[in-house]
Protein chains: 2
Amino acid sequence: MTTIYDVARRSGVSPATVSRVLSGRRNVDPELSEKVRAAVAELGYRPNGVARNLRKASTNLWAVVISDIENPFFTSLVRGLEDVAQTEGYHVVLCNSDEDPAKEAAYASAVLTEQMAGVVVSPTSTAEGVLQLAEAKTPMVLIDRRVDGVEADTVLVDNEHGAAEGVKHLIDGGYERIACITGPRRVSTAMDRLAGYRSALRAAGIPYDKDLVRHADFREAGGFAAMESLLELPEPPEALFVSNNLMTVGALECLAKRGLRAPDDIALVGFDDIPWADLVVPSLTTVAQPTYELGRTAGLLLKDRIAAPGRPPSTVTLRTELHVRATSAPKQK
Amino acid sequence: MTTIYDVARRSGVSPATVSRVLSGRRNVDPELSEKVRAAVAELGYRPNGVARNLRKASTNLWAVVISDIENPFFTSLVRGLEDVAQTEGYHVVLCNSDEDPAKEAAYASAVLTEQMAGVVVSPTSTAEGVLQLAEAKTPMVLIDRRVDGVEADTVLVDNEHGAAEGVKHLIDGGYERIACITGPRRVSTAMDRLAGYRSALRAAGIPYDKDLVRHADFREAGGFAAMESLLELPEPPEALFVSNNLMTVGALECLAKRGLRAPDDIALVGFDDIPWADLVVPSLTTVAQPTYELGRTAGLLLKDRIAAPGRPPSTVTLRTELHVRATSAPKQK
DNA sequence: CTGTTAGCGCATTCAC
DNA sequence: GTGAATGCGCTAACAG
């Protein structure tokens, strides 16, 4: 392997000067600088990033810890993050936690031993890894979910407001008996969206009926089961608000299986957009999250945090947007 | 930062012994080993991965260079790769090349300077980065596409056969005037799938009509435009085979926009599955690729290549599977 | 089986 | 503005 010493010898300068030239320091004689560049080209020299990392006690890696890259919510978010990383000179290490606190912790551990420059995390319910990273003062941005007791930069969406807007849209369509499938009680987004559901009902003077609420696991199977359970009610709901994309798919599958259709049999609004939501027939009304922007914003915050580790943490809340499509068409009399 | 020397001092042994214990070498007195472990725990010592990397002249990083993580084909593939990486002790660095040879080359360069242990690449048309990596003898697995002149482990699907099967299915449904939208001429998958289309026609004794073939860019917009152009033909096709998922979506959008429906106005088979293909109405007939398996297989090959760099490269070809759904229903008389 | 020693390749003091 | 020297933390020789 050719090293900085080889380049130094070849160009008749010291290794220190080569290092200065390569890291773009200004205080180098242009003439020497030129010699060094020439030697680099002749030798086909390539700096050793690992050695640099050791010396600087930090790498150019960011980790992104999410539950599953196959969930389009995270896919797009990761893309947004990676775009920022690329322009800032970082690389993104993809970590699928599958909502498993142990995996999250294992990745957190890797972040520390590999000296990664920063992390973006969507915390699991117990947030074990997040606590570990917070303690180690690793530059970190929380995404999608809050974690009690951890002070860190955070990017959220306006969950309560978005959910309320979606539910209000159903109420405006003439529906009153509106059910809700939301996520686990320990997850802040699940509770925030449930709160939005409740507040929309309250605003409309519709009494809250806890028999119409289901807590599932934010996954397809959970949405399917919750839908089944709602349909078995003595008096099934006439409309439904589902608080994430995978559970919405599950609910749709359950309806399809039973030969039921939205909005005729049950009107539907889902939280979080789905690619091809327009191509599904009937097309799906959603409370869309700016997923790409979430990732991008997280990247920007992380960059700033690395530049100024001492600064007090900030929280950015992005707005959701109601995409009215066919499944929430007004009630027919 | 606590180092291996601190642990050594604390436990009354040499740094070398600490290193041996931590890297799981067997030839260490159990008693000393125990002491070391105790000291590690007491001090909260954490090995420095970067230093280890420098010493060993290699990291535990794999890069995966794909055109776009937002394409569900790659999303699932990356997931498969990451699952293998995790069990083998590697981390995956995500690289979106956007089909841009310059970006591919930049990532290849990063792979080299950061001393990553291996790469999985879906090559861009000119495969600049791939050539660079091949020259440097970096452990590499090519995925989805072949590259002329590069000897490397490769994972492909049975493109020609899968395409032929999809087209034959249309022919069996009574269609004769069948169009094809495929990808760029320089991309092996595009040509292989086109070859499958032709061979199915030939087998059925249907003459090949090049006016019914379009080369687009494998993206949504390209599929849309190609569809438009086919519909403007004096005698539009009665069926269509589209050679990737994004272009299929584009074609569907074009049909929707014009108020046309599959299969009544035009029957449709797409190459590569789409999540929710079942939920789209009419549901979409596809030649499904085992995307997760592609990623998993690539990971396995990469692992083997790293273990035995000298071994001659192998090519694995996975089978596609025809998923018959509604858009290819037999022709009505 | 264990300890001593050296050096991976670089960036950064500190002199000059 | 430049060069010599040092050490980041670890593992692999080698000697004992």
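Values in this document were obtained by computation on a predicted structure and should not be read as measured data.

Criteria and cut-off values
Residues numbered from 1 in each chain as written. Chains lettered and ligands numbered in written order. Predicted model: local features only at pLDDT ≥ 70, side-chain atom pairs only at ≥ 80, totals over all residues. Heavy atoms only, no water. Buried < 20%, exposed > 50% of the residue type's maximum accessible area, 1.4 Å probe, protein only. Helix = DSSP H or I, 4+ residues; strand = E, 2+ residues; numbered from the N terminus. Arc of directions from axis to C-beta. Contact = heavy atoms within 4.5 Å. Polar contact = N/O pair within 3.5 Å; in protein donor to acceptor, adjacent residues only side chain to side chain. Near = heavy atom within 4 Å. Nonpolar A, V, L, I, M, F, W, Y, C, P; charged D, E, K, R; others polar. Salt bridge = Lys/Arg side-chain N within 4 Å of Asp/Glu carboxyl O. Domains from an automatic or database assignment. Buried area = accessible area lost by both parts, 1.4 Å probe. Axes fitted to C-alpha atoms, helices over the stretch in contact; angles between N-to-C directions. Left-handed = near helix turned anticlockwise from the far one by under 90°. Patch = residues over 30% accessible without salt bridge, like charges linked within 9 Å, V, L, I, M, F, W, Y side chains within 5 Å. Areas by Shrake-Rupley, 256 points an atom, 1.4 Å probe, with all protein chains shown as cover. Lys, Arg positive; Asp, Glu negative; His and termini not counted. Charge placed at Lys NZ, Arg CZ, Asp CG, Glu CD. Least-squares fit on C-alpha atoms with pLDDT ≥ 70 in both. Pairing = 2+ DSSP bridges.

A word on helix H4 (residues 49-56) of chain B. One turn of the α-helix equals 3.6 residues, which is why residues spaced by three or four share an orientation. Every buried residue belonging to H4(B) is among Gly49(B), Val50(B) and Asn53(B), and all of these are buried. With its buried residues spanning 100° around the axis, H4(B) presents them on a single face. Looking at the buried side of H4(B), the elements it contacts are helix H4 (49-56) and helix H6 (101-113) of chain A. The N-terminus of H4(B) is capped by Asn48(B), whose side-chain oxygen sits 2.8 Å from the backbone nitrogen of Val50(B). Following H4(B) by one or two positions, Ala57(B) adopts a phi angle in the positive range, close to 55°.

Bringing the protein's contact with DNA strand C into the picture now. Neighbouring DNA strand C are 26 residues, the closest being Ile4(A), Tyr45(A), Arg55(A), Arg20(B) and Asp29(B). Ile4(A) is positioned such that a nitrogen or oxygen atom in its backbone is 2.6 Å from a phosphate oxygen of DNA strand C. Between DNA strand C and the protein, one listed contact pairs a phosphate oxygen with a backbone N or O atom of Asp29(B) at 2.6 Å. Those elements that provide at least two residues to the surface near DNA strand C are helix H1 (4-11), helix H2 (15-22) and H4 of chain A together with helix H2 (15-22) and H4 of chain B. Split into classes, the residues belonging to the surface near DNA strand C amount to 13 nonpolar, 6 polar and 7 charged.

All right, on to the pattern of salt bridges then. This model, assessed by the stated rule, comprises 44 salt bridges over all chains. The partner of Asp192(A) in a salt bridge is Arg146(A), with the nearest N and O atoms 2.8 Å apart. Linking Asp192(A) in helix H9 (residues 188-203) with Arg146(A) in the loop between strand E4 (140-143) and strand E5 (153-157), this pair joins segments that are 46 residues apart in sequence. Taking the shortest distance from any N to any O, the salt bridge between Asp83(B) and Arg79(B) comes out at 3.2 Å. With Asp83(B) and Arg79(B) both in helix H5 (residues 72-88), this residue pair falls 4 residues apart, about one helical turn. Side by side, Asp83(B) and Arg79(B) carry an identical accessibility label, which is buried. Overlapping salt bridges, with partners in common, bring together Asp68(A), Asp98(A), Lys103(A), Arg79(B) and Asp83(B) in one network.

All names here are of chain A. Per the domain assignment, the segments making up chain A are domain 1 (4-47), domain 2 (57-157 + 291-319) and domain 3 (159-288 + 322-328). Each of domain 2 and domain 3 has a C-alpha centre, and the two are 29 Å apart. Listed per partner, the contact involves 13 residues of domain 2 and 15 residues of domain 3. Looking at the side of domain 2 facing domain 3, the largest losses of area belong to Arg 145, Arg 146 and Val 157, adding up to 37% of the total buried there. At the junction of domain 2 with domain 3, the criterion picks out 2 salt bridges. Remark: the boundary between domain 2 and domain 3 carries 6 residue pairs in polar contact (both at pLDDT 80 or more). A breakdown of the residues in the side of domain 2 that touches domain 3 according to their chemical character gives 3 nonpolar, 4 polar and 6 charged.

Each side of the interface is counted separately: chain B has 49 residues, and chain A has 49 residues. The tally of links between chain B and chain A comes to 4 salt bridges. Here Asp98(B) ties to Arg79(A) by a salt bridge, and the two come within 2.9 Å at their closest N and O atoms. At the surface where chain B touches chain A, the tally comes to 14 residue pairs in polar contact (both at pLDDT 80 or more). For the side of chain B that touches chain A, the secondary-structure elements that each account for two or more residues are H4, H5, strand E2 (91-96), helix H6 (101-113) and helix H11 (245-257) of chain B.

All names here are of chain B. Where H5 meets helix H12 (residues 291-307), the closest approach of the two axes is 6 Å, and the angle between their N-to-C directions is 40°. In this structure, the crossing between H5 and H12 has a hand that is right-handed. Within the contact between the two elements, H5 uses Phe 73, Ser 76, Leu 77, Arg 79, Gly 80, Leu 81, Asp 83, Val 84 and Glu 88 and H12 uses Thr 291, Tyr 292, Leu 294, Gly 295, Arg 296, Ala 298, Gly 299, Leu 300 and Lys 303. Here the residues of the contact of H5 with H12 sort into 8 nonpolar, 5 polar and 5 charged.

Now for a positive patch on the surface. Taken together, Arg20(A), Arg25(A), Arg52(A) and Lys56(A) make up a surface patch of like positive charges. Structurally, Arg25(A) can be placed in the loop between H2 and helix H3 (30-43).

What follows is about the relation of the copies chain B and chain A. When chain B is fitted to chain A, the best match, at an RMSD of 0.1 Å, comes from turning it 180° and sliding it 0.0 Å along the axis. Here the transformation between the copies is reduced to the relation of a two-fold axis. Take the interface residues of chain B: 100% of them recur as interface residues in chain A, which is what a same-surface contact looks like.

A separate point is the pairing of strand E10 (residues 285-288) of chain B. Residue and element names in this part refer to chain B. Residues Thr 285 and Val 287 line one face of E10 and the alternating positions Thr 286 and Ala 288 line the opposite face, and both faces are buried. Pairing geometry for strand E9 (residues 267-271) and E10, over 3 bridges, is parallel. Each bridged residue has a counterpart across the sheet, and for Phe 271 the counterpart in E10 is Val 287. Pairing of E10 with strand E12 (residues 321-323), which is carried by 3 bridges, proceeds in the antiparallel orientation. When the sheet's bridge partners are listed, Thr 286 is paired in E12 with His 323.

What follows concerns the pairing of strand E3 (residues 118-121) of chain A. Residue and element names in this part refer to chain A. Burial along E3 is two-sided: the residues Gly 118 and Val 120 and Val 119 and Val 121 are all buried. Looking at chain direction, E3 and E4 are connected through 3 bridges and run parallel. Looking at E4, one finds that Val 120 is bridged to Val 141.

Between Ala262(A) and the following residue, Pro263(A), the backbone shows a cis peptide bond with an omega angle of 0°. Residue Gln115(B) is not a glycine yet carries a positive backbone phi of 55°. Note on Gln115(B): relative accessible area 15%, which makes it buried. Backbone geometry at Ala127(B) places phi at a positive 55°, although glycine is not the residue there. Note that Ala127(B) resides in the loop between strand E3 (118-121) and helix H7 (128-135).

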